[in-house]
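This is what each chain is made of:
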Amino acid sequence: MDVQRRDFLLTGAVAAAAAASVAPALAQTAAAPVGPGTERGGNARPGDERIQYQGGTEVKRLRIINTAELEIEAEKILPKGGYGYIFGGSGSEYTKRENLRAMESIHLEPHFLSGVGKPDLSTTILGHKLPFPIIVPPMGSHGLAHVSKEIGTATAAKAVGTVMMLSMQSNVPLEEVAKANPGNMWMQLYFPADRGYAREVIMRAKEAGYTAIVPTIDSTLAYPRDNNIRNDFRIPVSLGKGNAPLNEPDTVKAANMMGRRKVDLNFDDMVWIKEQTGLKVIPKGIMSPATAIQAVERGLDAVYVSNHGGRALDGVAPAINQLPRIADAVRGRAPIIFDSGIRRGQDVFRALALGADVVACGRPILYGLALGGPLGAQSVLEYLRDDLYIVMQLTGCKDIKSVTRDRLAPRIA
Ligand SMILES: Cc1cc2nc3c(=O)[nH]c(=O)nc-3n(C[C@H](O)[C@H](O)[C@H](O)COP(=O)(O)O)c2cc1C
């Protein structure tokens, strides 16, 4: 990888982080209270809109050897607080670590001499034709990674022809991002406590051409993230709150309103989104067969298996371990989307074999964005595609449908 180290603007939050690294225990007491009833994202303070921050600025293709090295390079160029926010998981990061460990513990079983020449990676999901089964998951505040923000990522998605899910917490308004990847956008929703505001966001998305709403169901409350507390990090309001309530001009108040979520979220709320918009609804964060079965029975359009990359409830199982039981429960009645721990083509293959129809890859795309803007994020997607191609060829899978469980080795007890 050819990456230049560069200077970056120190933010107030980063300066605080430097002090906090000297006395982390003290920093925890000094940080904003995080406890029962504290809602996610609602911790902006007056004056936060003046905190300056700058992500990466370079625009270039990356020669990617593996995504772990991208993480190391991104750390060198990003402000500490922003890097920590992207890198981190919740709690002691047990689930984040387990996602990667569990993924690597699944062995492939190649069927050699199968006569497969060039595997076909193309697939479809909910009416979208994809050249390969990898899409972009919703991630808040791409401005933490790169000055091109979500426009950079959407440009990358468009270049490779795939779907991008836009986080409700995007820096750039959903209407502008949609123009960068027209026809291939889904809108993520942190269901707000204020139903009028919830309606405003989903109707804006419909109007702008998004074809699905992706309500995230695993984050009705904050599970503390040690990293952010230690760094006293809050996403700088100055980066932009693209989907803040239209009738709230005060940016700090708007940021906090975005953070006030409906804590008693339930299936009726999911159905309500469908009734209001007529769009596809994909609950994100399903981690049990029971929730998946109900999602199918309530007429939701897909099942999104994810533990938020280990950023929601720490201590839950690695998402890949839950996937086969969930797929068995769904029985093909709805497509399955999977994320949490995809780092190589092998991982895409493992998830497909265990029942996913498409996968999403999170942090590596933001590291690619940080290091090379739209071309960097595009390089990550192409790296995963090319690696999957090799794995499919070597395991003897001619197309996505043939990536089945018999291409994985049984566990030896
Ligand atoms: C910086 C960052 C911000 C995220 N923001 C959101 C978000 O706004 N909404 C959401 O549903 N998931 C969010 N996620 C979780 C991702 O959608 C995805 O589930 C996760 O990144 C997958 O794990 P991976 O990073 O190991 O690939 C975020 C993840 C990261 C790394």
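The notes below deal with the structure included here. On a predicted model such as this, the values are computed, not experimentally measured, just so you know. Think of each chain on its own: its residues are numbered from 1, step by step along the sequence as written. With pLDDT at 70 or above as the cut-off, local features in this predicted model cover only qualifying residues; side-chain atom pairs require 80 or more to be listed or tallied, and sums for whole chains, interfaces and linings still use all residues.

### Re the overall build of the protein chain
A run of H or I in DSSP becomes a helix once it reaches four residues, and a run of E becomes a strand once it reaches two; helices and strands are each numbered from the N terminus. Scanning the protein chain from N- to C-terminus turns up 15 helices and 11 strands. Exposure criterion: with C-beta atoms placed from backbone coordinates, a residue whose C-beta has 20 or more other C-beta atoms within 10 Å is buried, one with 12 or fewer is exposed, and one in between is partly exposed. For the protein chain, buried positions account for 54% of its 413 residues. Our contact criterion uses C-beta atoms placed from the backbone: two residues qualify when those atoms are within 7 Å. In the protein chain, of all internal contacts separated by at least 6 residues, the share reaching a separation of at least 24 is 77%.

### Remarks on the site of the ligand
Lining the immediate surroundings of the ligand are 24 residues, of which Pro137, Ser167, Thr216, Gly309 and Gly362 lie closest. Breaking the shell around the ligand down by element, the ones donating at least two residues are α4 (80–87) and α15 (363–395). Ten residues, namely Ala, Val, Leu, Ile, Met, Phe, Trp, Tyr, Cys and Pro, are considered nonpolar, four, namely Asp, Glu, Lys and Arg, are considered charged, and the remaining ones, Gly among them, are considered polar. Partitioned by chemical class, the residues of the shell around the ligand number 8 nonpolar, 12 polar and 4 charged. Placing the C-beta atom from the backbone, one calls a residue near a molecule or strand if that atom lies within 6 Å of it.

### Considering the packing of helix α3 (residues 67–77) against α15
For helices, the axis comes from a line fit to the C-alpha atoms of the stretch in contact; other axes are also lines fit to C-alpha atoms, and the angle between any two N-to-C directions lies between 0 and 180 degrees. One can describe the packing of α3 onto α15 by two numbers: an axis separation of 7 Å at closest approach and a directional angle of 100°. Comparing the axis directions of α3 and α15 gives the class roughly perpendicular. Two secondary-structure elements touch here, α3 through Thr67, Leu70, Glu71, Glu73, Ala74 and Ile77 and α15 through Pro364, Tyr367, Gly368, Ala370, Leu371 and Val380. Broken down by class, the residue content of the contact of α3 with α15 amounts to 8 nonpolar, 2 polar and 2 charged. Relative orientations are named as follows: roughly parallel for angles under 35 degrees, roughly antiparallel for angles over 145 degrees, roughly perpendicular for angles from 65 to 115 degrees, and oblique for any other angle.

### Describing the pairing of strand β5 (residues 185–189)
Of all 5 residues that make up β5, 5 are buried, and the element is covered over most of its length. Residues Met185, Met187 and Leu189 line one face of β5 and the alternating positions Trp186 and Gln188 line the opposite face, and both faces are buried. A pair of strands is labelled paired if DSSP reports no fewer than 2 bridges between them. Examined bridge by bridge, strand β4 (residues 164–166) and β5 share 3 bridges and lie parallel to one another. Within β5, the residue paired with Leu166 across the bridge is Met187. Sheet topology note: the β5/strand β6 (residues 212–215) ladder contains 4 bridges and is parallel. Residue pairing for β6: Leu189 is matched across the bridge by Pro215.

### Observations concerning the sheet that holds strand β10 (residues 336–338)
The 5 strands are arranged β3-β11-β10-β9-β8 in an open sheet whose pairing can be described as parallel. With partners counted over all chains shown, the strands left at the sheet margins are β3 (134–135) and β8 (284–286), one partner each. Strands in contact with helix α13 (residues 319–330) are β8, β9 (303–305) and β10; relative to β9, the strand with the most contacts, it is inclined by about 160°.

### Details of the packing of helix α12 (residues 289–297) against α13
Packed helix pairs are specified by the crossing angle of their axes together with the interaxial distance, meaning the distance between the axes. As a packed pair, α12 and α13 sit with axes 9 Å apart at the nearest point and diverge in direction by 30°. When the axes of α12 and α13 are compared, the pair comes out roughly parallel. Seen from above, α12 lies across α13 with right-handed handedness. Mapping the contact onto sequence places Pro289, Ala292, Ile293 and Val296 in α12 and Arg325, Ile326, Ala329 and Val330 in α13. For the contact of α12 with α13, the class distribution of residues is 7 nonpolar, no polar and 1 charged. By the definition used in this description, the sense in which the near helix is turned from the far one sets the handedness, with an anticlockwise turn below a right angle giving left-handed and a clockwise turn giving right-handed.

### As for the sheet that holds β5
To summarise the sheet geometry, strands pair through backbone hydrogen bonds and adopt either a parallel or an antiparallel arrangement. With respect to topology, 4 strands assemble into an open sheet ordered β4-β5-β6-β7, the strand pairing being parallel. Edge strands, defined here as strands with exactly one partner in the open sheet, are β4 and β7 (280–281). In the sheet, β6 pairs with β7 via 2 bridges, with the strands oriented parallel. Each residue of the ladder has a partner; that of Ile213, found in β7, is Val281.

### Remarks on unusual backbone geometry
For Leu113, which is not a glycine, the phi torsion comes out positive at approximately 60°. Along the polypeptide, Leu113 turns up in the loop between α5 (94–104) and β1 (123–125). Here Leu113 falls in the exposed class, since 7 other C-beta atoms lie within 10 Å of it. Positioned with a positive phi, Ser340 is a non-glycine residue whose angle comes to about 110°. Within the fold, Ser340 resides in the loop between β10 and α14 (345–353).

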